[in-house]
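# Structural description and commentary
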Amino acid sequence: MTEDNRPARHPFEPREADLAAPRRQPSPVENFLGGSPSAVLVRLFFLSLIVGFFLVWLDIRPLDVLIGLRHIVERFWNMGFEALRDIAEYALAGAAIVVPLWLALRLLNMRSRP
């Protein structure tokens, strides 16, 4: 009991002011990122940590990936305009997988929002 004869409030019980507080609309940046920038950075850090663990487990080092990217860029540069066709081919091949997955995830996220 408190001094004014009301039962004591549990420490984790929400206050009336918290329950009545209006929810603020997320900013365009938060809408784009899917949350606050700091929360997204924390999620990306932990996801990067997990992916990095598996890459090292598979004996794929970050330097090897960067060297491979450099070789791809050098190859494109040396091939000239033919590289544009190759880039478009790679982009379309990747988009065939990435875009449907992205769309499905966005639709699932929209369905789960209140």
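Report follows, based on the coordinates. (Residues numbered from 1 in each chain as written. Predicted model: local features only at pLDDT ≥ 70, side-chain atom pairs only at ≥ 80, totals over all residues. Heavy atoms only, no water.)

### Comments concerning the pattern of salt bridges
Applying the stated criterion across every chain, the model contains four salt bridges. Where arginine 70 meets glutamate 74, a salt bridge forms, and the shortest distance between an N and an O atom there is 3.1 Å. Remark: glutamate 74 and arginine 70 occur in helix H4 (residues 62–79); sequence separation between them is four residues, near one turn of the helix. Among the charged side chains, a salt-bridge network with shared partners connects Arg85, Asp86 and Glu89. (Salt bridge = Lys/Arg side-chain N within 4 Å of Asp/Glu carboxyl O. Helix = DSSP H or I, 4+ residues; strand = E, 2+ residues; numbered from the N terminus.)

### Considerations on the side chain of glutamate 30
Counting through the fold element by element, glutamate 30 comes out in helix H2 (residues 28–33). When sequence neighbours within four positions are dropped, the list of residues in contact with glutamate 30 reads Arg24, Gly35, Ser36 and Pro37. (Contact = heavy atoms within 4.5 Å.)

### Comments concerning the environment of histidine 71
Looking at the secondary structure, you find histidine 71 in helix H4. Note on histidine 71: relative accessible area 42%, which makes it partly exposed. Separated by 12 residues in the primary sequence, histidine 71 and alanine 83 place their C-alpha atoms 13 Å from one another. (Buried < 20%, exposed > 50% of the residue type's maximum accessible area, 1.4 Å probe, protein only.)

### Topic: the packing of aromatic side chains
Tallied over the entire structure, the rule returns three aromatic pairs. With a centroid separation of 5.3 Å and 75° between ring planes, the pair formed by phenylalanine 45 and phenylalanine 46 is classed as edge-to-face. Under the relative-accessibility criterion, phenylalanine 46 is labelled partly exposed at 48%. Summarising the aromatic geometry, the rings of phenylalanine 53 and phenylalanine 54 are spaced 5.4 Å apart at their centres and angled 70° between planes, so their arrangement reads as edge-to-face. Exposure remark for phenylalanine 54: the relative accessible area of 42% places this residue in the partly exposed category. Each residue in the set Phe53, Phe54 and Trp57 is aromatic and connected to the rest through ring pairs, giving one cluster. (Phe/Tyr/Trp six-rings, centres within 6.5 Å; stacked < 30°, edge-to-face > 60°.)

### Structural notes on H4
Relative to the 26 Å expected for 18 residues at 1.5 Å per residue, H4 spans 26 Å between its end C-alpha atoms, a close match to the ideal helical length. Looking at the residues trailing H4, positive phi occurs at glycine 80, about 75°. (Expected span 1.5 Å × (residues − 1).)

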